[in-house]
Amino acid sequence: MHFVGAGPGAADLLTLRAVELLNETDLCVFPGTYLDEAVLGHCPAGARLVDSQHLDLDEIVTELVAAHRAGLRVVRLCSGDTALYSALHEQTRRLDRAGVPWDVTPGVPAYAAAAARIGHELTVPEVAQSVVLTRTRARSTAMPSGETLAAFAATGATLVLHLAITRTRVLAKELTGFYGPDCPVVVVANASQPAEVVLRGTLADIADRVDRARLRRAAVIMVGPALGVGVTGAESYLYDPARDRPARGQPST
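Analysis parameters
- Residues numbered from 1 in each chain as written.
- Predicted model: local features only at pLDDT ≥ 70, side-chain atom pairs only at ≥ 80, totals over all residues.
- Heavy atoms only, no water.
- UniProt positions renumbered as here; feature names shortened; annotations may be inferred.
- Buried < 20%, exposed > 50% of the residue type's maximum accessible area, 1.4 Å probe, protein only.
- Helix = DSSP H or I, 4+ residues; strand = E, 2+ residues; numbered from the N terminus.
- Pairing = 2+ DSSP bridges.
- Axes fitted to C-alpha atoms, helices over the stretch in contact; angles between N-to-C directions.
- Contact = heavy atoms within 4.5 Å.

Going by the annotation in an unreviewed UniProt entry, the name recorded for the protein is Precorrin-4 C(11)-methyltransferase, with Actinophytocola xanthii given as the source organism. The Pathway (unreviewed entry) comment attached to the protein in UniProt states, word for word, "Cofactor biosynthesis; adenosylcobalamin biosynthesis."

Structure (structure tokens):
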């Protein structure tokens, strides 16, 4: 059976491998909360489609195991990329116990689609060279004790917050002490989908913008000076004309 990153939701932002697997599937278990239905158009007409938003983890795995034992080709779609907040670990652990073989096909992560939508690099030389992908805790699994928002914010890196849109006001207040009230913030909901919403603001006003847009799910919050309109920074050493370069055909060091 195959775990497949469904990307941010657009039917044309899947990998070629993902599309091939969907074309051949007999059962597709998909996250209906985050996925544009057009993605399921890659499945054959006779495929069984199961929306996982109505199932708990054990119910999902029961579907996967039963289909595998029936000799069916199975795809478990995960929103974005399988490497982030996909519950891959919990599901594969159960499949291992059941003796079901599996593999993983990555997908386009939501934060990458959000950054592409606004035409921004998240790492600008001498402005920000690190990106922190994290989430906050509300009605969700506890965060490890060392992974506090304050600890990440203290680095000055570009922050990408998942599963946090309902706590925007609290987060903005906390982050202001590290980045300042004028720090740029971009919120992208349903990136790449027909219902996409893009909000630009600062830590001082982004919560009001989110409230007015009534965003409650499927959004990423990106915070940091690299997101500023017209931001300037140093130019990359990699492409500096003064940098020593090997002659064509010679290995670089």
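We are not done yet, so read on.
### Some words on the pairing of strand β10 (residues 219-223)
In terms of residue burial, β10 counts as a mostly covered element, since five of its five residues are buried. Neither face of β10 is open: one carries Ala219, Ile221 and Val223, the other Val220 and Met222, and all of them are buried. Of the pairings in the sheet, the one linking strand β7 (residues 158-162) to β10 comprises three bridges and is antiparallel in character. Considered in β10, the bridge of Leu161 is made with Ile221. Note: strand β8 (residues 184-189) against β10, five bridges, orientation antiparallel. Within β10, the residue paired with Val186 across the bridge is Met222.

### Some points on the sheet that holds β10
On the basis of which strands lie adjacent, the open sheet formed by five strands has the order β6-β7-β10-β8-β9 and mixed pairing. What marks the edges here is a single partner per strand, and that holds for β6 (131-135) and β9 (197-202). Here the strands of the sheet are splayed against their neighbours by 20 degrees on average, with no regard to which way each runs. Running at roughly 65 degrees to β10, helix α4 (residues 110-117) makes contact with β6, β7, β8, β9 and β10 of the sheet. Relative to the sheet, helix α7 (residues 206-213) contacts β8 and β9, its axis offset from that of β9 by approximately 155 degrees.

### A closer look at the sheet that holds strand β2 (residues 27-30)
Read from one edge to the other, the open sheet built from five strands follows the order β3-β2-β4-β1-β5, with strand pairing classed as parallel. The open sheet is flanked by β3 (48-51) and β5 (103-105), the only strands paired with a single partner. Looking at each pair of strands side by side, their axes are set apart by 20 degrees on average, direction ignored. Pairing geometry for β2 and strand β4 (residues 74-78), over three bridges, is parallel. Bridge pairing in β4 places Val29 opposite Arg76. Of the strands in this sheet, β1 (2-5), β2, β4 and β5 are in contact with helix α1 (residues 16-23), which crosses β1 at around 130 degrees. Against the sheet, helix α3 (residues 88-98) contacts β1, β4 and β5, and its axis sits at roughly 170 degrees relative to β1.

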